[in-house]
Amino acid sequence: MELRLTQDGTLTLFHPGYGEAYHPRQGALLQARRLYLEKTLTHLHPAPRVLEVGFGLGVNFRVALESALLRGVRLFYLAVEREPLPREVLAQILLPLPRAEAVFAALLRAWPTPRFLGPWGELRLLFLDVREAVLPPRWATAVYLDPFSPKANPEAWSLPVLLKLRKSLKRGGRLATYSAQGAFRRALREAGFAVHRVPGVGKREWTVGIAREAPPG
């Protein structure tokens with residue numbers, strides 16, 4: 001794997017198996033803030049519970065954690081990651097988030113551990129394919145859908161997975177993702193989301209899905 005510098009000054013990693021980087025060239029930090037944190041309203045929620053598909057380099061987690069620490073609220077974060085990266089790789093991805101970085105450095109000393117607890121909240125990790133994951137019902141206030149693209153990793157964007165994510169999301173909760181693929185958006189609607197196109201950074205559109213009153217089935 002190859003480390004790459006993005007335009008916002010943060011590092012990302014290129015995965016040769018998928019033929020894609022973990023983050024867009026415009027920046028890992030920028031996407032985490034503008035898309036995942038803000039479009040799901042996690043930065044405003046008084047008790048955020050985030051479900052992430054694709055923990056990757058832990059950038060989205062650290063951005064959400066920094067926001068929670070600045071606001072004095074606890075963060076509960078559940079991430080599904082099929083291919084956890086080695087500790088020494090994660091340690092190279094430093095972010096200008098002083099409060100979150102202090103917590104993350106402590107977590108890395110015990111990595112990979114499936115559960116971390118602290119006065120800041122909780123991080124739980126499921127090291128398996130999201131299709132096999134058992135997710136808590138009506139638990140999440142936000143879903144960060146951030147695996148490799150539908151072209152490179154179609155299973156993570158399939159209708160059965162989206163139905164599973166919808167059932168784990170509270171009514172009115174938001175799912176955010178960088179993909180604007182038409183087939184994915186149609187599946188998202190079928191899974192019980194109101195689908196919204198939002199302006200992207202580095203690409204024309206991102207996607208936000210808002211959980212409707214009840215999931216189908």
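Residues numbered from 1 in each chain as written. Predicted model: local features only at pLDDT ≥ 70, side-chain atom pairs only at ≥ 80, totals over all residues. Heavy atoms only, no water.

Caption draft 1: The arrangement of helix H1 (residues 28-39) in detail. Given a rise of 1.5 Å per residue, twelve residues ought to cover 16 Å, and the 15 Å separating the end C-alpha atoms of H1 matches this to within 8%. The inward-facing, buried residues of H1 abut strand S2 (11-15), helix H2 (59-71), strand S8 (140-145), strand S9 (169-177) and strand S11 (205-211). Just downstream of H1, leucine 41 is the residue with a positive phi angle, here 65 degrees. (Helix = DSSP H or I, 4+ residues; strand = E, 2+ residues; numbered from the N terminus. Expected span 1.5 Å × (residues − 1). Contact = heavy atoms within 4.5 Å.)

Caption draft 2: Just the layout of surface pockets, in detail. Volume-wise, the largest pocket comes out at about 590 Å³. Mapped onto the lining of the largest pocket, the elements with two or more residues apiece are strand S3 (20-21), strand S4 (49-53) and H2. (1 Å grid on protein atoms, 1.4 Å probe; cavity = no way out; pocket = protein on both sides within 12 Å on 5 of 7 lines; lining within 4 Å. Points joined across faces, edges and corners; volume = space filled by probe spheres on them.)

Caption draft 3: Quick peek at the sheet that holds S3. Judged by pairing direction, the sheet is antiparallel, and its three strands sit side by side in the order S1-S2-S3 without closing on themselves. Strand pairing shows two members of the sheet lacking a second neighbour, strand S1 (2-5) and S3, which therefore form its edges. For S1 and S2, the ladder comprises four bridges, and the chain directions are antiparallel. Residue pairing for S2: glutamate 2 is matched across the bridge by phenylalanine 14. (Pairing = 2+ DSSP bridges.)

Caption draft 4: Representation of the pairing of S8 in the model. Extensive coverage of S8 is indicated by the burial of six of its six residues. Inspection of the sheet shows S4 paired to S8 by four bridges, in the parallel sense. The partner of glutamate 52 across the bridge, within S8, is tyrosine 144. When S8 meets S9, the two strands line up parallel, connected through five bridges. Residue valine 143 lies in a different strand from S9, and its bridge partner there is leucine 175. Tracing the backbone out of S8, into helix H5 (residues 159-168) and back to the parallel element S9 gives a crossover that is right-handed. (Buried < 20%, exposed > 50% of the residue type's maximum accessible area, 1.4 Å probe, protein only. Right-handed = clockwise from strand over helix to strand, strands pointing away.)

Caption draft 5: Fine view of the UniProt feature "domain: MnmC-like methyltransferase" (unreviewed entry) in the protein chain. Taking the numbering used here, the UniProt-annotated feature "domain: MnmC-like methyltransferase" (unreviewed entry) corresponds to residues 122-209. Counted over residues 122-209, helix gives 22% and strand 36%. Its end C-alpha atoms are 25 Å apart. (UniProt positions renumbered as here; feature names shortened; annotations may be inferred.)

Caption draft 6: Geometry of the packing of aromatic side chains. Under the criterion given, the structure shown has nine aromatic pairs. Pairing tyrosine 36 with tyrosine 144 gives two aromatic rings, centres 5.4 Å apart and planes at 45 degrees, and the pair type is tilted. A residue pair is termed long-range when its members are at least 10 positions apart, and tyrosine 36 in helix H1 and tyrosine 144 in strand S8 qualify at 108 residues. Classification of tyrosine 144 as buried rests on a relative accessible area of 1%. A ring pair is formed by tryptophan 111 and phenylalanine 127, whose centres lie 5.8 Å apart and whose planes are at 85 degrees; its orientation type is edge-to-face. (Phe/Tyr/Trp six-rings, centres within 6.5 Å; stacked < 30°, edge-to-face > 60°.)

Caption draft 7: Summary view of the sheet that holds strand S7 (residues 121-126). Pairing is mixed across the open sheet formed by eight strands, whose spatial order is S6-S7-S5-S4-S8-S9-S11-S10. The strands lining the two open edges of the sheet, one partner per strand, are strand S6 (115-118) and strand S10 (193-199). When strand polarity is set aside, the average angle formed by the axes of neighbouring strands in this sheet is 15 degrees. As judged from the five bridges shared by S4 and strand S5 (residues 75-80), these two strands associate in the parallel manner. Directly across from valine 50, in S5, lies its bridge partner tyrosine 77. Each of S4, S5, S7 and S8 touches H2; the most contacted strand, S5, lies at about 175 degrees to it. (Axes fitted to C-alpha atoms, helices over the stretch in contact; angles between N-to-C directions.)

Caption draft 8: Representation of the packing of H1 against H2. Relative orientation of the contacting elements H1 and H2 amounts to 65 degrees, with a least axis distance of 9 Å. At the point where H1 passes H2, the crossing takes the right-handed sense. Only Val59, Asn60, Val63, Ala64 and Ser67 of H2 make contact with H1, whose side of the interface consists of Ala28, Leu29, Ala32, Arg33, Tyr36 and Leu37. Considering only residue class, the contact of H1 with H2 consists of eight nonpolar, two polar and one charged. (Left-handed = near helix turned anticlockwise from the far one by under 90°. Nonpolar A, V, L, I, M, F, W, Y, C, P; charged D, E, K, R; others polar.)

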